[in-house]
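The lines below spell out each chain.
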Amino acid sequence: MSAGALFDAPGPRTRRRRRIYALASTAAILALAALVALRLCGNGQFAAAVWDLVRDRGLRQRVGDGALAILRAFALAAAGSLALGALLAVGRLSEHRPVRWAATAVVEFFRSLPPLVLVFALYAGALPPSWAVVLGLTLYHGCVQAEVLRAGISAVPRGQAEAGYAVGLRKSRVMATVLVPQALRAVLPTAVSQLAVTLKDTSLGFVIAYGELLHAGRLAASNTVTPGGPPYLAVLVVIAAGYVAVCLALSALARWIERRGARGRG
Amino acid sequence: MHVLLDNFALFRHGFVGTLLLTSVSAALSLALGVLVAACRVSPVPALRILATVWVTLLRNTPVTLLFLVAVFAAPRILFPGTSHFALAVGALGCYTSAFVGEALRRGVDSVPLGQAEAARSLGMTFPQTLRLVVLPQAGRTALAPIGSLMVALTKNSAIAGSFDVTDLFAEQRRLSATGHDVLEVFVWIALAYLLITFVISELFQLLEHRLAVAR
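1. Describing the packing of aromatic side chains
Part 1 of the argument: Summed over the entire model, instances satisfying the criterion amount to 7 aromatic pairs over all chains.
Part 2 of the argument: Judged by centre distance (5.4 Å) and plane angle (85°), the ring pair of F120(A) and F169(B) falls under edge-to-face. Within this pair, whereas F120(A) is found in helix α5 (residues 115-124), its partner F169(B) is found in helix α9 (residues 168-177), the two belonging to separate chains.
Part 3 of the argument: One aromatic cluster in this structure is built from F109(A), F110(A) and F186(B).

2. Regarding the domain arrangement of chain A
By convention, interface size is frequently given as the accessible area that disappears when the constituent parts associate.
Part 1 of the argument: Domain annotation of chain A identifies domain 1 (10-42) and domain 2 (48-265).
Part 2 of the argument: Its C-alpha centre places domain 1 of chain A at a distance of 39 Å from the equivalent point of domain 2 of chain A.

3. Notes on the pattern of salt bridges
All names here are of chain B.
Part 1 of the argument: Within the structure shown, the criterion is met by 9 salt bridges over all chains.
Part 2 of the argument: In this structure, E102 engages R40 in a salt bridge whose closest nitrogen and oxygen atoms are separated by 2.6 Å. Taken together, the residues span a long stretch of sequence, with E102 in helix α5 (residues 84-110) and R40 in helix α2 (residues 8-40) at a distance of 62 residues.
Part 3 of the argument: What makes E102 buried here is its relative accessible area of 9%.

4. Remarks on the packing of helix α8 (residues 143-156) of chain B against helix α10 (residues 182-211) of chain B
Residue and element names in this part refer to chain B.
Part 1 of the argument: Taken N-terminus to C-terminus, the directions of α8 and α10 make an angle of 165°; their axes are 9 Å apart at the nearest point. The angle between α8 and α10 places the two elements in the roughly antiparallel class. Crossing hand, α8 versus α10: right-handed. Facing L143, A144, I146, G147, M150, V151 and T154 of α8, the residues of α10 in contact are Y193, I196, T197, I200, S201, F204, L207, E208 and L211.
Part 2 of the argument: Class assignment of the residues belonging to the contact of α8 with α10 gives a composition of 11 nonpolar, 4 polar and 1 charged.

5. Observations regarding the packing of helix α3 (residues 57-92) of chain A against helix α6 (residues 129-155) of chain A
All names here are of chain A.
Part 1 of the argument: Following both chains from N to C, one finds α3 and α6 inclined at 45°, their axes separated by 6 Å at the closest point. When the axis of α3 is compared with that of α6, the two are oblique. When you trace α3 past α6, the crossing you get is right-handed.
Part 2 of the argument: Per-class residue counts for the contact of α3 with α6 are 15 nonpolar, 7 polar and 3 charged.

6. A look at the environment of L84(A)
Residue and element names in this part refer to chain A.
Part 1 of the argument: Note that L84 resides in helix α3.
Part 2 of the argument: Sequence separation between L84 and G42 is 42 residues; the distance between their C-alpha atoms is 52 Å.
Part 3 of the argument: Not counting the four nearest positions on each side in its chain, L84 is found in contact with T138, L139 and G142.

7. Description of the interface of chain B and chain A
Part 1 of the argument: Taken together, the 54 residues of chain B in the interface contact 52 residues of chain A.
Part 2 of the argument: Summed over both partners, the interface of chain B with chain A comes to about 4500 Å²; 74% of that surface belongs to carbon and sulfur atoms.
Part 3 of the argument: Taken together, the links from chain B to chain A amount to 0 salt bridges.
Part 4 of the argument: Our count for the contact surface shared by chain B and chain A stands at 6 residue pairs in polar contact (both at pLDDT 80 or more).
Part 5 of the argument: For the side of chain B that touches chain A, the secondary structure elements donating two or more residues are α3 (45-59), α4 (63-77), α5, α6 (113-121), α7 (126-141), α9 and α10 of chain B.
Part 6 of the argument: Of all the elements, α4(B) adds the most residues to the side of chain B that touches chain A, at 8 residues.

8. Description of a nonpolar patch on the surface
Part 1 of the argument: Among the surface-exposed residues, L76(A), W131(A) and L135(A) lie close enough to one another that they form a single nonpolar patch of about 300 Å² accessible area.
Part 2 of the argument: Take L76(A): it is sitting in helix α3.

9. Quick notes on the nonpolar core
All names here are of chain B.
Part 1 of the argument: Formed by 97 residues in total, the largest nonpolar core has its most connected members in F67, I146, M150 and F169.
Part 2 of the argument: Those residues in contact with M150 that sit more than four places away from it in its chain are A26, S29, L30, T96, V100, I200 and F204.
Part 3 of the argument: Counting 13 residues, the second largest nonpolar core, distinct from the first, contains V108, A116, A119 and L130.

Thresholds applied
Residues numbered from 1 in each chain as written. Chains lettered and ligands numbered in written order. Predicted model: local features only at pLDDT ≥ 70, side-chain atom pairs only at ≥ 80, totals over all residues. Heavy atoms only, no water. Phe/Tyr/Trp six-rings, centres within 6.5 Å; stacked < 30°, edge-to-face > 60°. Helix = DSSP H or I, 4+ residues; strand = E, 2+ residues; numbered from the N terminus. Domains from an automatic or database assignment. Salt bridge = Lys/Arg side-chain N within 4 Å of Asp/Glu carboxyl O. Buried < 20%, exposed > 50% of the residue type's maximum accessible area, 1.4 Å probe, protein only. Axes fitted to C-alpha atoms, helices over the stretch in contact; angles between N-to-C directions. Parallel < 35°, antiparallel > 145°, perpendicular 65-115°, else oblique. Left-handed = near helix turned anticlockwise from the far one by under 90°. Contact = heavy atoms within 4.5 Å. Nonpolar A, V, L, I, M, F, W, Y, C, P; charged D, E, K, R; others polar. Buried area = accessible area lost by both parts, 1.4 Å probe. Polar contact = N/O pair within 3.5 Å; in protein donor to acceptor, adjacent residues only side chain to side chain. Patch = residues over 30% accessible without salt bridge, like charges linked within 9 Å, V, L, I, M, F, W, Y side chains within 5 Å. Areas by Shrake-Rupley, 256 points an atom, 1.4 Å probe, with all protein chains shown as cover. Core = buried A, V, L, I, M, F, W, Y, C linked by side-chain atoms within 4.5 Å.

In structure tokens form, the structure reads like this:
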């Protein structure tokens, strides 16, 4: 149902009333924003010194390093989780019962605990922070991707696999040349959205002092003295903008892939 | 087994902490989520824009970043002296509300057109249509996604443990730091989370059965 069906086309009185609502709600939002701005001003967060920080060479260096650290962890975890996901998905669909059970147990266990608990356990188990983040995210998101891929493979019509067997392909060939290529197309949008979650989760490295973006930013902010105290807000705003931009780009990519897929099938 | 039995009080403390944190933030996220969904379909453009911005921003920000904003920026700006528990509930509730709002809006999309038209032809106003006819049906459709959102909320609540809130993750950290076997602590903490997430997903499956719409 489109939102337009929820209310009638407005007559003159309703139009007038809605204009009042619109004005009132806009005023309320603006008032809230003004209140926040006022408090910020009172705390000296708008002082030039605070935002000068953004131009500071050392800070830019550290934030740049943090961003690189995130991208490196993301690239490794993304590749790892997709590979692990494919392995586990095939394992869950295996005809050998022990393999199927083992894969199911691994997927269900790692999928239902917080990635942070996993990352921290790896870190406390004497792995360096970078590896703890990459391995933890690989394990957790690998299990999530396994479920995504399995759903895709199960959704391929049965006749496809049967046709493969009928022309004499072996099980592994049916999986590799018939089922997986079709499943991949169907699940690609979901998998890419899950990659966006993986990217967001790299920020968990903050907790174990991996030198990622948030950690670098917080460190830089607490090392700077301005009249209003450490300029946490300024740094957070800049970092948040970066994250939102990259995540939006990834979800736009997912939508684009979905549209392309739909076009091919239609 | 030793680790669990010797530190049972700590584990219980963390377990209750996680339960409390999750349930309070769940309540907040559901209330805010309904509000966001209502705003997104409302006839007032300013509210629609506000809700869209809210959803887009929060869905694309890492929770850890929200926690940092809540802990370091919010007390300085608006609410000095708020407890870390309340700040954590705020961060988790707001974050999840964006997803709940989106799930509900999809639910609204799935309600047949005739329902709202029938409500309007009876002379119901927009709030009445939404409250009495559309949202109850949308909520039922959205139950399954909301269930998995609540499981995700439980998992995200672990981040609060690193910001001075007592929960399972905080206890894992404390026990690992005081020289207990890291693997054993991890297994017990993981099982505790497993228990909570399992109960939540079973609960929602039960609800789905109970409230299934015959369409």
